[in-house]
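Each chain is listed here by its residues.
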Amino acid sequence: MKKRSLPIGQIVLIIALSALSLLILVPFYLIFVNSLKSPAEASELGIAFPSKLEWGNYSKVFEVANLPLAFTNSAVLTFSSVAIILITAAMAAFVMQRRKDGLSSTLSVLVMLGLVVPPAIVPLYKVLSFFHLNGTLLGVVLINVATRSPLSVFLAHQFLKSISKEIDEAAIIDGCGKYRLFFRIVLPLMGPIIVTLFIFNSTFVWNDFMYVLYFLSSGKQMTLPLTMYLFTGQYGSMWNLVFANILIISAPLLLIYFIAQRFIIAGMTAGAIKG
Amino acid sequence: MHKLERKTYSISFVIPWLLIYGIFFVLPTLFSFYYAFTDWNLTSAKFSGFSNFVEMFQNPVFSTALTNTAIFTIMSIILKVVISLALAMALYHCIASNFFRTIFFSPYVLSYIAIGVLFTAVMHPEIGVLNKALRAIGLDFLALNWLIDKGQVIYSLVFIDVWKSAGFHLAIFIAALQTIPSDMMESASIDGAGPWKKFRYITFPMLASAFNANIIFALIVGLTKFDLVYVTTGGGPGYYSEVLKTLVYKQFAMGRYGLATAGELIIFVIVITLTVTLRKFLDKREVEV
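About the thresholds
Residues numbered from 1 in each chain as written. Chains lettered and ligands numbered in written order. Predicted model: local features only at pLDDT ≥ 70, side-chain atom pairs only at ≥ 80, totals over all residues. Heavy atoms only, no water. UniProt positions renumbered as here; feature names shortened; annotations may be inferred. Helix = DSSP H or I, 4+ residues; strand = E, 2+ residues; numbered from the N terminus. Salt bridge = Lys/Arg side-chain N within 4 Å of Asp/Glu carboxyl O. Buried < 20%, exposed > 50% of the residue type's maximum accessible area, 1.4 Å probe, protein only. Phe/Tyr/Trp six-rings, centres within 6.5 Å; stacked < 30°, edge-to-face > 60°. Lys NZ or Arg CZ within 6 Å of the ring centre and 35° of its normal. Contact = heavy atoms within 4.5 Å. Buried area = accessible area lost by both parts, 1.4 Å probe. Polar contact = N/O pair within 3.5 Å; in protein donor to acceptor, adjacent residues only side chain to side chain. Nonpolar A, V, L, I, M, F, W, Y, C, P; charged D, E, K, R; others polar. pLDDT = per-residue confidence, 0-100. Expected span 1.5 Å × (residues − 1). Bend = angle between axes of the 7 residues up to and from the residue.

A.B. asks: Explanation requested: the UniProt feature "transmembrane region" (unreviewed entry) in chain A in the structure shown.
C.D. replies: Residue and element names in this part refer to chain A. Those places that UniProt annotates as "transmembrane region" (unreviewed entry) correspond, in this numbering, to residues 12–32, 75–95, 107–125, 137–160, 181–206 and 238–260. As a span, residues 75–95 carries 100% helix and 0% strand, and end to end its C-alpha atoms are 30 Å apart. Taken end to end, residues 137–160 has its terminal C-alpha atoms 32 Å apart, with 100% of it in helix and 0% in strand.

Set out below in C-alpha cells:
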C-alpha cells in the first residue's frame, strides 16, 4: 500500500496539478476555438469563443492544402516503414539473441552504434541517387527503417530473453523447419513487444518532418507535416485555416492517444529507458 | 547441437535488416568521412582537404549555432529533468496520478510542426495568450518578445521543447518510482525517517537509472534538435536561434553538400564524445549511490 497524505493535502495537490494542466490544455483549446472562427476573429489569436461557428474552415483546408493526398502519402509511408521495421528487426533480434558467437556480438555492436550515432543525412543523397530513389516515398521508407530500427532490434532482443529456447528445441525435434519455427511459433509469442514497437515507430514516422524535408520536398509525395509547413508559409495570415490544419493533422493522433494512453505511454517510454 | 543451432538460427534471418541498415545507415556514415573533405556540390566532388572545416569554423554563424546548441542542450536537460522529477514526485503522492500523467504526456504525441506553428501564436508578443495571461496576473515584466527578441529566442525554443517533452520524462520517472518496494518506505518511516531523508536515501538512489536514461536521451535530442527550430523560427531572427542541424540543412538546401557533410561530421563527433563521456560518468555515479 502506498502511503496517502491527508485529504487536505490531496486537495491542494490536485488543485496545483490542475493549474499546471492548464499549461497543456489551454493551447489545445486555442487550436480548437480558433479553427472555427472567421479570419478576422482568428487573427486576434484569443481564447474567446467564436461568435459564429465556421465549420467550413475544415473542408476549405482539406481542399487548399490537398490533404487527401498528404493523408494517403503519410499513411503509406508510415505503414510500410513500420511493417518493414517490425519484421526485419524481429528476425534479426531472433538470431542475435539465440546465437552466442561472433555474428551475434557483431550485430549487437552495430545496434549499439545505431542507438547513439546521428545519421549522416547529406551523404544519403548520394546513396539514394545511386538507386534512383531521390524524391520517392520508397527512399524515405528505407531511410526511416535504417535509422529507426536499431532501437527496435535492441528491444526485441531484450524481449526474446523471456521466450525459452527450449520451445525452439522441442519444435526442431518435432521436425519443424527454421522459418516455420520463427513465423509460426516465436513471432506470435513476441506479440507484446511488437505492439510496443508498432506504437512508437508509427508515431515517430507519422510525425517525421526532417527526412521528408530533405528528400521529398516537392511534388506528389507530400506528407502531412510537410503540407502543413508549406501551407503555413502560404496562408500564414489566415490563422483560422492554419489552426484548422493543425487540428486536422493532430486530432487523429490525440484521439488514438486518449483511447490507448496506457499502452502508448508504456510503449514510448520503453523505447527510451532501454536506449 | 552446435551445427544444428547454426542451421536453425541461420544468417538468412539477419540479411534483410543488415542490408537496409548497411546501405542506408552505415554506408552514408562511412561516406561522410570522405565527402566532408571534398567540395562536393550539385555538379562535382573534388578532394579539398580541410577547407570545409576551415570555412565552417571561420563562419560567425557557425559559432552562433554552436553556442545556441550548447545553450539549448544544457538548458533543456536541466529543465526537463528537474521539472519532470518534481511532477513525478507530486503525481506519485496524488490519487489522480493516472489522469494527470495522461494530460502531461499528451503534447509528446504531436508533431513539431503543429507545435511550432501553435507556439508562434501562443508567444505572439502583443496578442499571444502567454503574454496576455502574464499581464492579467500582473507579471508584465515577464511578458517578453519571446520569439522576436534576439537574446530571448533560444530560451523560448527551450521552453517549447520542455513543454512538449516534460511529460515523457515524467513517465520514465514514474515507471521507476513504481518499482520502489513499498515496505522499504514503510520501514524507513518506522525508523523515523522524514520525507526529505526518505527522498535523499531511498527514492533518489532508486531513481539513478531513470535519471541516466532521461539525461542521455535529452542530451542526444538536444544536440541534434532540428524540426522545432526550423519550423518555429527558421533559425531567426537573423541567425540568433540557429543551431547546428538547421545550419547543416541550409547548406544542403543551397547545394553545398560537402560543407553540409562536414557540418554533420562535427555534430557526429560532438554527440559521440559527449554521450560516451557522460555515460561513463553517470554509470560510475550509479554504482556509488
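A.B. asks: Could you clarify how one ought to interpret the pattern of salt bridges in this entry?
C.D. replies: Pairing is possible between side chains that carry opposite charge, provided their charged atoms lie close to one another. Residue and element names in this part refer to chain A. Taken as a whole, this structure holds 7 salt bridges over all chains when the rule is applied. Between R98 and D168 there is a salt bridge, and its shortest N-O distance comes to 2.8 Å. Linking R98 in helix 4 (residues 67–98) with D168 in helix 8 (residues 165–173), this pair joins segments that are 70 residues apart in sequence. Here R98 falls in the buried class, since its relative accessible area comes to 2%. Residue D168 is classed as buried on the basis of its relative accessible area, which comes to 0%.

A.B. asks: Can you help me understand the packing of aromatic side chains in this one?
C.D. replies: The relative placement of two aromatic rings is captured by the distance of their centres and the angle of their planes. Following the criterion strictly, the structure yields 57 aromatic pairs over all chains and no others. Each ring, one from F131 of chain A and one from F24 of chain B, has its centre 6.1 Å from the other, and the planes form 40°; the classification is tilted. Taken together, the residues span two chains, with F131 of chain A in the loop between helix 6 (122–130) and helix 7 (137–160) and F24 of chain B in helix 2 (residues 15–35). Given a relative accessible area of 5%, F24 of chain B falls into the buried group. Plain terms: the ring middles of Y257 of chain A and F258 of chain A are 5.1 Å apart, the flat faces sit at 65° to each other, and that makes the pair edge-to-face. Since its relative accessible area comes to 41%, F258 of chain A is described here as partly exposed. We note K164 of chain B situated over the ring of Y108 of chain B; from NZ or CZ to the ring centre the distance is 5.7 Å. Across from the ring centre of Y112 of chain B, 3.9 Å away, lies the NZ or CZ of K164 of chain B, which sits over that ring.

A.B. asks: How should the interface of chain B and chain A be read in this particular structure?
C.D. replies: How big an interface is tends to be stated in terms of the accessible area lost upon association of its parts. The partner chain A presents 99 residues to the 85 residues of chain B that form the contact. Between chain B and chain A the total buried area reaches about 8,500 Å² when both faces are included, carbon and sulfur atoms providing 76% of it. Among the residues of chain B in contact with chain A, Y9, F13 and W17 of chain B are the three that bury the most area, contributing 11% of the side total. Along the contact surface separating chain B from chain A lie 15 residue pairs in polar contact (both at pLDDT 80 or more). Broken down by element, the residue count for the side of chain B that touches chain A peaks at 14 residues, all from helix 2 of chain B. Classifying every residue of the side of chain B that touches chain A by side-chain character gives 59 nonpolar, 16 polar and 10 charged.

A.B. asks: What exactly am I supposed to notice about the confidence of the model for chain B here?
C.D. replies: Should pLDDT be low for a region, the predicted coordinates there are not to be read in detail. Confidence in the prediction for chain B averages 91 pLDDT; 98% of positions are at 70 or higher. When the elements of chain B are averaged for pLDDT, helix 1 (residues 2–8) of chain B gives the smallest value, 76, and helix 2 of chain B the largest, 96.

A.B. asks: How should I be thinking about the UniProt feature "transmembrane region" (unreviewed entry) in chain B in this particular structure?
C.D. replies: Residues and elements named next belong to chain B. Per the UniProt record, "transmembrane region" (unreviewed entry) is annotated on residues 12–37, 70–92, 104–124, 153–180, 201–223 and 257–278. Split by type, residues 70–92 is 100% helix and 0% strand. Its first and last C-alpha atoms lie 32 Å apart. Across residues 257–278, the secondary structure splits into 100% helix and 0% strand, with the terminal C-alpha atoms separated by 31 Å.

A.B. asks: Any chance you could explain helix 13 (residues 239–259) of chain A here in plain terms?
C.D. replies: The end-to-end C-alpha distance of helix 13 of chain A, which contains 21 residues, comes to 29 Å, matching closely the 30 Å that a straight helix rising 1.5 Å per residue would cover. In helix 13 of chain A, a bend of some 40° at S250 of chain A exceeds every other bend along the element, and P252 of chain A, a proline, comes one to four places later.

A.B. asks: Looking at this structure, I do not really get the UniProt feature "domain: ABC transmembrane type-1" (unreviewed entry) in chain B. What am I missing?
C.D. replies: Residues annotated by UniProt as "domain: ABC transmembrane type-1" (unreviewed entry) correspond here to residues 66–278 of chain B. Secondary structure within residues 66–278 of chain B divides into 73% helix and 0% strand; the distance between the first and last C-alpha atoms comes to 19 Å.

A.B. asks: Honestly, the side chain of N201 of chain A in this entry has me stumped. Any pointers?
C.D. replies: Residues and elements named next belong to chain A. Structurally, N201 can be placed in helix 10 (residues 191–207). Judged by its relative accessible area of 1%, N201 falls in the buried class. Within polar-contact distance, the side chain of N201 engages the backbone oxygen of L197 at 2.9 Å. Residue contacts for N201: discarding those within four places in its chain leaves V82, I85, R148 and S152.

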